[in-house]
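# Structural description and commentary
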Amino acid sequence: MTLDDFRITAGKGFKLANFDAGGKPLSTGSKASDEARLGELAQQLDAVQDVFYAEHRHKLLIVLQGMDTSGKDGTVRSVFRSFDPLGIRIASFKSPTPEELARDYLWRVHAQVPRKGEIVIFNRSHYEDVLITRVHGWIDDEECKRRYRQIREFEQMLVETGTTIVKCFLHISKDEQKQRLEQRIADPQKHWKFDMQDLAERKFWKEYQRAYEDAIAATATPQSPWYIVPADSKSHRNLVVADILKTTFDQLRPDYPPPKPELAKVVVE
């Protein structure tokens with residue numbers, strides 16, 4: 001199985017049910033071996049990030065979406081652990097402020113997109129505006145379809161102005177979410193992670209699955225693809241995301257800027 005099997009570039013025929021949240025197609029069969037492989041990938045990504053930043057030409061936007069406990073924070077900690085903070089930034093979009101509500105819903109998002117040489121991770125993103133808003137009936141189907149179109153056009157504009165977009169849906173099963181929530185309740189040191197609202201949102205599981213399925217189908221394009229990442233296994237989830245990034249950098253092929261011959265005559269005293 002290759003990354004193409006995770007990659008969604010068009011919505012026709014897309015069904016979340018066709019993807020196994022508990023699958024481990026890239027695993028060697030050993031958790032220790034998978035984590036060792038992740039460590040190797042992290043070092044390779046660290047090295048290429050240095051070139052990416054120095055070249056100051058490409059822009060990379062990584063979108064992480066998923067149900068509560070799917071591991072967005074854990075993915076950031078594990079996959080990007082060796083990255084130089086100088087060239088990477090994390091943006092998260094919570095409930096909009098009054099100032100943000102007074103503007104269009106993409107206003108606050110556009111302000112966070114990457115600059116040249118920068119990698120930006122959206123830990124939750126503009127897709128919240130077609131997920132929770134739809135599940136709770138804050139927008140109707142007509143408005144939701146308008147937003148799908150606007151998001152496609154927004155992302156196309158970013159692509160046409162030099163941004164590479166990688167969107168990852170961390171696909172977790174309902175049983176695995178239950179187990180992770182129970183672990184947070186059972187461990188006092190994890191109570192800070194637990195929010196009663198998580199239980200309230202869990203009651204809308206089917207509605208969220210449908211909303212994600214429709215949003216992914218409506219916004220997957222060859223230029224701005226989605227990846228359906230099996231997320232029941234934390235180590236395999238991280239391995240898949242790291243592999244996606246490695247492939248992305250291989251395609252971008254960043255290179256250091258050309259040397260400056262005039263520096264050969266510079267004397268440091």
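Structure report, in brief.

Criteria and thresholds
Residues numbered from 1 in each chain as written. Predicted model: local features only at pLDDT ≥ 70, side-chain atom pairs only at ≥ 80, totals over all residues. Heavy atoms only, no water. Helix = DSSP H or I, 4+ residues; strand = E, 2+ residues; numbered from the N terminus. Rg over C-alpha atoms; globule rule 2.2 N^0.38 Å. Buried < 20%, exposed > 50% of the residue type's maximum accessible area, 1.4 Å probe, protein only. Areas by Shrake-Rupley, 256 points an atom, 1.4 Å probe, with all protein chains shown as cover. Contact = heavy atoms within 4.5 Å. Patch = residues over 30% accessible without salt bridge, like charges linked within 9 Å, V, L, I, M, F, W, Y side chains within 5 Å. Salt bridge = Lys/Arg side-chain N within 4 Å of Asp/Glu carboxyl O.

A few words on the overall build of the protein. Within the protein, the secondary structure is distributed over ten helices and six strands. On C-alpha atoms alone, the protein measures out to a radius of gyration of 20 Å, which is about the 18 Å that the 2.2 N^0.38 rule sets for 269 residues. When its C-alpha atoms are laid out on the principal axes, the protein stretches across 70 × 45 × 40 Å. Across the 269 residues of the protein, 48% fall into the buried class. Accessible surface, the protein: about 14400 Å² in total, of which carbon and sulfur atoms supply 51%.

Here we take up the environment of G162. By secondary structure assignment, the location of G162 is in the loop between α6 (141-160) and β5 (163-171). Using a relative accessible area of 33% as the deciding quantity, one classes G162 as partly exposed. Put simply, G162 and K59 are 103 residues apart on the chain and 6.3 Å apart in space, counted from C-alpha to C-alpha. The contact partners of G162, leaving out residues within four places of it in the chain, are H58 and K59.

A cluster of nonpolar side chains, L263, V266 and V268, forms an exposed patch at the surface whose accessible area comes to about 330 Å². Within the fold, V266 resides in the segment after α10 (234-252).

With that settled, the discussion passes to unusual backbone geometry. One non-glycine residue with positive phi stands out, namely H56, at about 55°. Owing to a relative accessible area of 47%, H56 belongs among the partly exposed residues under this scheme. At R253, a residue that is not glycine, the phi angle is positive and equals roughly 50°. Residue placement: R253 occurs in the segment after α10. Note on R253: relative accessible area 66%, which makes it exposed.

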